[in-house]
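# A look at the structure
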Amino acid sequence: QVQLVESGGGLVQPGGSLTLSCAASGSIFSIDAMGWYRQAPGKQRELVARITSDSSTDFADSVKGRFTISMDNAKNTVYLQMNSLKPEDTAVYYCKVAARNGFGYPLRSWGQGTQVTVSS
């Protein structure tokens, strides 16, 4: 009922920046929250950042001060601005949406994942 399309991943040097985007589509009436998660090889998936409909945000301690999450409500799109990137940020980044359809039913979906590699 809801689909997410991610883009913006790639290879960047340490200290560089990348912006990830994730657009939600489908039978969406409203979005409660959107977030970014990442999973590095051999590691458990972790929350990177999330933003709610009232603009409340939450960040992993490892990215505080470096990453910014924002949402364009008109486009149902969430962005993750990543600055001062470190090799430790290398992972597959997944976006997730918590939304509702026109009947108030919950909608949940994950993006396909986009690779972010931070390396010299």
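First things first, this report covers the structure right here in the doc.

Rules behind the numbers
- Residues numbered from 1 in each chain as written.
- Predicted model: local features only at pLDDT ≥ 70, side-chain atom pairs only at ≥ 80, totals over all residues.
- Heavy atoms only, no water.
- Pairing = 2+ DSSP bridges.
- Helix = DSSP H or I, 4+ residues; strand = E, 2+ residues; numbered from the N terminus.
- Core = buried A, V, L, I, M, F, W, Y, C linked by side-chain atoms within 4.5 Å.
- Buried < 20%, exposed > 50% of the residue type's maximum accessible area, 1.4 Å probe, protein only.
- Salt bridge = Lys/Arg side-chain N within 4 Å of Asp/Glu carboxyl O.

## Observations concerning the pairing of strand β5 (residues 46–52)
- For strand β4 (residues 30–39) and β5, the ladder comprises six bridges, and the chain directions are antiparallel. Of the residues in β5, the one forming a bridge with arginine 38 is glutamate 46.
- Hairpin connection of β4 to β5: six residues between the antiparallel strands, including glycine 42 at a positive phi of 75 degrees.
- Following β5, the chain reverses through four residues before pairing antiparallel with strand β6 (residues 57–59); serine 55 in that reversal takes a positive phi of roughly 75 degrees.

## Brief notes about the nonpolar core
- Met34, Trp36, Val48, Phe67, Leu80, Met82 and Tyr93 are the most contacted members of the largest nonpolar core, which totals 32 residues.
- If you tally residues by element for this core, the top one is strand β9 (residues 91–100), at five residues.

## A word on the pattern of salt bridges
- What the rule picks out here adds up to six salt bridges.
- One salt bridge in this structure joins arginine 38 and aspartate 89, with 3.0 Å as the shortest N-O distance. Taken together, the residues arginine 38 in strand β4 and aspartate 89 in the loop between β8 (77–82) and β9 connect sequence positions 51 residues apart. Of the two residues examined, arginine 38 and aspartate 89, each falls in the buried class.

## Remarks on unusual backbone geometry
- The phi angle at asparagine 76 is positive, at roughly 50 degrees, despite the residue not being glycine.
- Along the chain, asparagine 76 turns up in the loop between β7 (67–72) and β8.
- In this structure asparagine 76 comes out as partly exposed when scored by relative accessible area, which is 22%.
- Unusually for a residue other than glycine, serine 84 sits at a positive phi of about 50 degrees.
- By secondary structure assignment, the location of serine 84 is in the loop between β8 and β9.
- Classification of serine 84 as partly exposed rests on a relative accessible area of 42%.

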